[in-house]
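# Working through the structure, step by step
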Amino acid sequence: MTASNEPTADDRPIVAIEGASKRYGSVEALSDVTLHVRRGEVLGLLGPNGSGKTTLLRMLTGYLSPTAGRLSVAGFDTERQRMEARRRIGYVPESLPLYSHMRVREFLRFMAELRGLSASAANRAVGEVAEQVALTDRLRAPIRTLSRGYRQRVAIGQALVHRPDILVLDEPTNGLDPRQIIETRHLIRSLAGERTVIMSSHILGEVEKIADRVAILLRGRLLSVEAMADTPNLEALFLSLT
Amino acid sequence: MKSLAVLLRKELHATFTSPIAYAVAAVFLLITGYTFSLTLFFTKVANLNYIFHQMYVLLILLVPVLTMRAFAEERRADTLELLLTAPVPEVWIVLAKFFAALVLVSVLLLASGVYAVILGLYGEPDWAPIYGGYLALFLLACLLVSIGILASSLTENQVVAATCALGACLMLWFADSAAYMIPAPLDVVPINLSLIGHFTTFVSGSLFLSDAGYHLTLSLLALFLTTRAVTDR
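Residues numbered from 1 in each chain as written. Chains lettered and ligands numbered in written order. Predicted model: local features only at pLDDT ≥ 70, side-chain atom pairs only at ≥ 80, totals over all residues.

## With respect to the overall build of chain A
Regarding its fold elements, chain A presents eight helices and 10 strands. Whereas a compact globule of 242 residues would reach a radius of gyration of roughly 18 Å, chain A reaches 18 Å, a difference of no more than 12%. With respect to the principal axes defined by its C-alpha atoms, chain A has extents near 50 × 45 × 45 Å. The 242 residues of chain A split such that 43% are buried. Look at the contacts in chain A between residues 6 or more apart in sequence, and 66% of them connect residues 24 or more apart. (Helix = DSSP H or I, 4+ residues; strand = E, 2+ residues; numbered from the N terminus. Rg over C-alpha atoms; globule rule 2.2 N^0.38 Å. Buried ≥ 20, exposed ≤ 12 C-beta atoms within 10 Å, placed from the backbone. Contact = placed C-beta atoms within 7 Å.)

As structure tokens, then:
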């Protein structure tokens, strides 16, 4: 029997950031950030350019090491248990890095196998993820021939192909046309619940429409974390904090 | 290990679909073929000594061109971020790039083996210097590729990477010249650091562990530094 006040597995944060800081020489890109993310929620990181959103996401994915503090993903420390932590994350960087000389299917299969899927499991996963991100008719296309919108889908596809617990998206709607923005928004919302999504954006409306909670960053400091349901006017909150 | 195989497959695909590989292969085989024919017709001597020294120079000039893309291109296209956030150790990313470039250079060396076959068919060559020469070229390729990859890991500009690698390889080649300016017993340092000193013994048919050790130690050092450069961020 479990005592009622003890946290259950679902209550425990799937992402725990404790006092994380990052310095580049004398520049402090991120300062003492503590943030917990629950399983299945969509967390929006909101802040102007240079506020530390990308640094925080990169530390979470293990690309950058924190100067101080610790981060854990699904209970695995991103520094001491790097491989375990990385296996649980799917990451879409802002610049949408893709191997342009590859075809879509080849690229997705490469990313799946790189994350430990067997050849047959990777083939299956590629088919499933292609359907999920509406890429089925483009699987044979060379990546260099794709539009920005399709490249975005491929980037999200590679992040989902190994069925990660957490999806990390850095400015996912940057450079997309209005239709693509709406489609991406729907896609992210459809992933919520099944997966935890952490996305960064400098667009208020974007976070308002997609996120369950919002974390506001400014000059490397976490100013506030609010549930969207309790924040009827995000614009006013953002202006009051910044 | 499976991830290493996946990375190696990707690197081999990138290497063998790159026009740079075919341009370098064409230049290498054309020049060595031309010199082999001329040397054979003029000297009528069944050895590859001259060709090996020419291959030595060609590899120093061409390998930096083959390796310049390794990390510089990944940095420029931001794809390095994808690799470095995947659950694979950084050293495997480095090794995959190293082995892919080494496979290409080995293919070039294998293709040049036709000269040895011709000598064997129409003459009676002394095989020891030929085997030694190919072993020396392979070890040299290991060293040059690892230096090229190290240079590529330090910049996102491919031309800068190739130039730095070429500079480092040339400095190693001429290192023994500095011995004239350094008093004994310190002069042994540049002499032993010199690339050519460890190459000519192999080509003469003498195999010394110290020469193999020189190539392998410097290769491992360069690969270690590359891994540190990739990891440090």
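So, next bit.
## Points about the environment of V103 of chain B
Within the secondary structure, V103 of chain B is located in helix α6 (residues 90-122). Spatially, the C-alpha atom of V103 of chain B lies 9.5 Å from that of T15 of chain B, the residues being 88 residues apart in sequence.

## Describing the interface of chain A and chain B
The partner chain B presents 16 residues to the 18 residues of chain A that form the contact. Looking at the side of chain A that touches chain B, the elements with two or more residues in it are α2 (82-87) and α3 (104-114) of chain A. Split into classes, the residues belonging to the side of chain A that touches chain B amount to nine nonpolar, five polar and four charged. (Nonpolar A, V, L, I, M, F, W, Y, C, P; charged D, E, K, R; others polar.)

## A closer look at the nonpolar core
The biggest cluster of nonpolar side chains holds 139 residues, and the ones touching the most others in it are I198 of chain A together with L59, A101, L140, A141, L144 and V145 of chain B. Discounting chain neighbours no more than four positions away, the residues touching A101 of chain B are T15, L66, T67, A70, V145 and I149 of chain B. (Core = buried A, V, L, I, M, F, W, Y, C linked by C-beta atoms within 7 Å.)

## Here we look at the packing of helix α7 (residues 127-153) of chain B against helix α11 (residues 209-231) of chain B
All names here are of chain B. At a minimum axis distance of 8 Å, the contact between α7 and α11 shows a crossing angle of 20 degrees. As summarised for this structure, α7 and α11 are arranged roughly parallel, according to the angle between their axes. Crossing of α7 over α11 shows left-handed handedness. On the side of α7, the interface is formed by L139, L140, C142, L143, S146, I147, I149, L150 and S153, while α11 contributes A212, H215, L218, S219, A222, L223, L225, T226, A229 and V230. In terms of residue class, the contact of α7 with α11 is made up of 14 nonpolar, five polar and no charged. (Axes fitted to C-alpha atoms, helices over the stretch in contact; angles between N-to-C directions. Parallel < 35°, antiparallel > 145°, perpendicular 65-115°, else oblique. Left-handed = near helix turned anticlockwise from the far one by under 90°.)

Note that all results are geometric; they support no functional claim without further evidence.
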